[in-house]
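Spelled out, the chains give:
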Amino acid sequence: MSSHFDVLEMARQQLAKAAKYLDLDEGLHMVLSRPKRALIVNFPVVLDNGEVTCFEGYRVQHNTSRGPTKGGLRYHPDVDVHETTALAMWMTWKCAVANIPYGGAKGSVKVDTKKLSKRELEKLTRRFVTEINMIIGERGDIPAPDIGTNPQVMAWIMDTFSMHAGYTVPGVVTGKPIELGGSEGRVEATGRGVVVCAQEACKSAGMDFSSSKIVVQGFGNVGSVAARLSEEDGATVVGISDARGAIYNPKGLPIRELYERYAGRDGGISEYKDCEHIDNATLLELPCDILMPSAISAQLTAQNAPNVKAKLIVEGANGPTTPDADAIFSDNGVLVVPDILANAGGVVCSYFEWVQDLQNFFWEENEVNTKLARIMRHSYSAVEATMKVHKTDMRTAAMIIGVKRVAEATIMRGIYP
Ligand code: NAD
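Quantities reported herein were computed from a predicted structural model and do not represent experimental measurements.

Draft legend 1. Just the site of the ligand, in detail. Lining the immediate surroundings of the ligand are 22 residues, of which R74, D146, T190, A243 and N318 lie closest. A distance of 3.2 Å is found between an oxygen atom of the ligand and a backbone nitrogen or oxygen belonging to G148. V222 has a polar backbone atom sitting 2.9 Å from an oxygen atom of the ligand. In the complex, 84% of the free accessible area of the ligand, which totals 830 Å², lies under the protein chains. Those elements that provide at least two residues to the shell around the ligand are α6 (186–205) and α7 (221–232). Taken together, the residues of the shell around the ligand break down into 7 nonpolar, 11 polar and 4 charged. When residues of the shell around the ligand are sorted by domain, at least three fall in each of domain 1 (35–172) and domain 2 (188–342).

Draft legend 2. Spatial organisation of the sheet that holds strand β5 (residues 141–145). Spatially, 5 strands are ordered β1-β2-β4-β3-β5 in an open sheet, and the strand pairing comes out mixed. Two strands in the sheet have a free side with no partner beyond their single neighbour: β1 (37–46) and β5. The mean angle between the axes of side-by-side strands here comes to 25 degrees, regardless of whether they run parallel or antiparallel. Here 10 bridges tie β1 to strand β2 (residues 52–61), and the two strands are oriented antiparallel to one another. Residue pairing across strands places I40 opposite Y58, the latter belonging to β2.

Draft legend 3. Layout of helix α12 (residues 345–359). Its 15 residues give α12 an end-to-end C-alpha distance of 21 Å, which sits within 8% of 21 Å, the value for a rise of 1.5 Å per residue. Of all 15 residues in α12, 12 are buried; the element is thus mostly enclosed. Of the residues making up α12, those classed as buried are G345, G346, V347, V348, C349, S350, F352, E353, W354, V355, Q356 and D357. Those residues of α12 that are buried lie in contact with β3 (69–76), α3 (81–97), β5, α6 and α13 (365–390).

Draft legend 4. Inspection of the sheet that holds strand β9 (residues 276–278) at higher detail. Here we have 7 strands laid out as an open sheet, ordered β9-β8-β7-β6-β10-β11-β12, and mixed in their pairing. Looking along the sheet, the strands with just one partner apiece sit at the ends: β9 and β12 (335–337). Taken pair by pair, the neighbouring strands of this sheet meet at an average axis angle of 20 degrees, ignoring direction. Here strand β6 (residues 213–217) runs beside strand β10 (residues 290–293); their pairing, made up of 4 bridges, is parallel. Paired with Q217 across the bridge in β10 is P293. Contacting β6, β7 (236–242) and β10, α7 runs over the sheet at an angle of about 165 degrees to β6.

Draft legend 5. Broad picture of the pairing of β3. Most of β3 sits inside the fold, with 8 of its 8 residues counted as buried. Note that β3 and strand β4 (residues 103–110) share 6 bridges and pair parallel. Across the sheet, K70 pairs through a bridge with G104, a residue of β4. Pairing between β3 and β5: 5 bridges, direction parallel. The residue of β5 that forms the bridge with L73 is P145.

Draft legend 6. Up close: the packing of aromatic side chains. Scanning the entire structure with this criterion turns up 9 aromatic pairs. With 5.9 Å between their ring centres and 35 degrees between their planes, F43 and F128 make a pair best called tilted. On the criterion of sequence distance, the pair formed by F43 in strand β1 and F128 in helix α4 (residues 118–132) is long-range, its members being 85 residues apart. Comparing F43 with F128, the two get one shared label, buried. Ring geometry for Y102 and Y351: centres 5.8 Å apart, planes at 90 degrees, overall edge-to-face. Here Y351 lies in helix α12 and Y102 lies in the loop between α3 and β4, a separation of 249 residues in the sequence.

Draft legend 7. Local environment of the pattern of salt bridges. Under the counting rule described, the total for this entry stands at 23 salt bridges. Of the charged contacts, one joins E408 and K404 as a salt bridge, the two residues approaching to 3.3 Å between their closest N and O atoms. Taken together, the residues E408 and K404, both in helix α14 (residues 394–413) and 4 residues apart, mark about one turn of the helix. In this structure E408 comes out as partly exposed when scored by relative accessible area, which is 37%. Since its relative accessible area comes to 41%, K404 is described here as partly exposed. Here the salt bridges share partners, and the residues they tie into one network are R74, E83, K106 and D146.

Draft legend 8. The arrangement of the packing of α4 against helix α5 (residues 151–165) in detail. Contact geometry of α4 with α5 gives a least axis separation of 9 Å together with a crossing angle of 45 degrees. Classed by the angle they form, the pair α4 and α5 counts as oblique. The handedness of the crossing between α4 and α5 comes out as right-handed. Mapping the contact onto sequence places K118, L121, E122, T125, R126, V129 and T130 in α4 and Q152, V153, W156, I157, D159, T160, F161 and H164 in α5. Tallied by class, residues from the contact of α4 with α5 come to 6 nonpolar, 5 polar and 4 charged.

Draft legend 9. Inspection of the nonpolar core at higher detail. One finds W93, I240, L258, M292, V314 and V337 to be the most contacted residues of the largest nonpolar core, which totals 84 residues. Looking at which domains feed residues into this core, each of domain 1 (35–172) and domain 2 (188–342) supplies at least three. Once you skip the residues sitting within four places of it in the chain, W93 turns out to touch L15, L32, H62, I340, M399, G402, V403 and V406. Counting 26 residues, the second-largest nonpolar core is a separate cluster that includes F43, I132, M158 and V169.

The rules behind each value
- Residues numbered from 1 in each chain as written.
- Predicted model: local features only at pLDDT ≥ 70, side-chain atom pairs only at ≥ 80, totals over all residues.
- Heavy atoms only, no water.
- Near = heavy atom within 4 Å.
- Polar contact = N/O pair within 3.5 Å; in protein donor to acceptor, adjacent residues only side chain to side chain.
- Areas by Shrake-Rupley, 256 points an atom, 1.4 Å probe, with all protein chains shown as cover.
- Helix = DSSP H or I, 4+ residues; strand = E, 2+ residues; numbered from the N terminus.
- Nonpolar A, V, L, I, M, F, W, Y, C, P; charged D, E, K, R; others polar.
- Domains from an automatic or database assignment.
- Pairing = 2+ DSSP bridges.
- Axes fitted to C-alpha atoms, helices over the stretch in contact; angles between N-to-C directions.
- Expected span 1.5 Å × (residues − 1).
- Buried < 20%, exposed > 50% of the residue type's maximum accessible area, 1.4 Å probe, protein only.
- Contact = heavy atoms within 4.5 Å.
- Phe/Tyr/Trp six-rings, centres within 6.5 Å; stacked < 30°, edge-to-face > 60°.
- Salt bridge = Lys/Arg side-chain N within 4 Å of Asp/Glu carboxyl O.
- Parallel < 35°, antiparallel > 145°, perpendicular 65-115°, else oblique.
- Left-handed = near helix turned anticlockwise from the far one by under 90°.
- Core = buried A, V, L, I, M, F, W, Y, C linked by side-chain atoms within 4.5 Å.

If you want it as structure tokens, here you go:
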């Protein structure tokens, strides 16, 4: 995914901007701009037809000052170690902004899952977990779902790790099925957090969320939930997309029906008829109040940012806006609620899942959703307040909070030995 844009450079530019506001020590800045640990593995899998093929995967742990590392596992053909490092860095700031006791990590495997059978996917997952077994664990580094992975993949991770340990270790991974120690509300948590942030941003901007027009890029875990919850709150979702294409109806799309009848099927949402069929580039420039980029990184760039009509952008995806585009949005008065705040709902609920697993004591969905919304709103108002104090954009404000908390923890702990 980073083949078209250097997302690690983008993450480092964002850090450098926050470091200036914090007058961050040069040595500390150097430490925070690099991952603590990065493991690259190449591993074989026997395919269903008997052939052996080799896959490349990564697990990058960025920072452990505030606790064990936490971050998703991505299966996608375009991943690389640089992008995985950038995503691990963003996880560090995200956990610090939400004030949950983790550092950031990320994992990826370079694979097109559409070309694998379920059995092949299981074998790939089990072998990858075995290869990174020595650096993950419920007290050390806890993976979770991301693009191309889901609760079933998390279940295989838990089982594989447990087989090596000799006993069941549910806390080694989050985003598991409920039956295996997953948390109520986890599947919806990221999209739910995106919607809470959009609602908070609307309140501040004097906009009415429930009468707004919304465009969502990506109709996977994050995008489909954000679209469904927006629709449930009365908003009109006029455009959505997946990797195959986008659909538009200025009067609104029936999100629940699209989710139940079209998403995840062969033709995807493109099979739906009562709409205009457009491409993903056009989708981002549609007339709307709120844009929720919830697919992949570097989608809003200097090229298309001037044509974006939304007044509010809430980043469901990680890194969808490039620094050039950020500057254009800032000049044009478009408020961007940054990824490290807007999509933190997933890791916050993962934190709840981990706590429940460690205690073997499980909460009801209502309790999970209430606690999640409270943390999201609290984080939102802290970032908004910092934005006003420093007269800066929201991403920089969130970075200032995140980097400051990590820097303070590092200084308090001291440099070993
Ligand atoms: P997913 O695999 O469930 O869905 C991804 C969606 O994006 C799919 O609809 C896919 O068709 C679409 N897509 C892929 N390539 C595209 C392209 N080129 N153009 C348009 N659409 C495209 O993944 P997800 O878990 O929903 O993650 C989406 C984004 O949210 C990622 O950036 C991920 O890092 C971020 N995120 C996810 C979580 C989580 O809990 N799942 C948490 C925080 C952030």
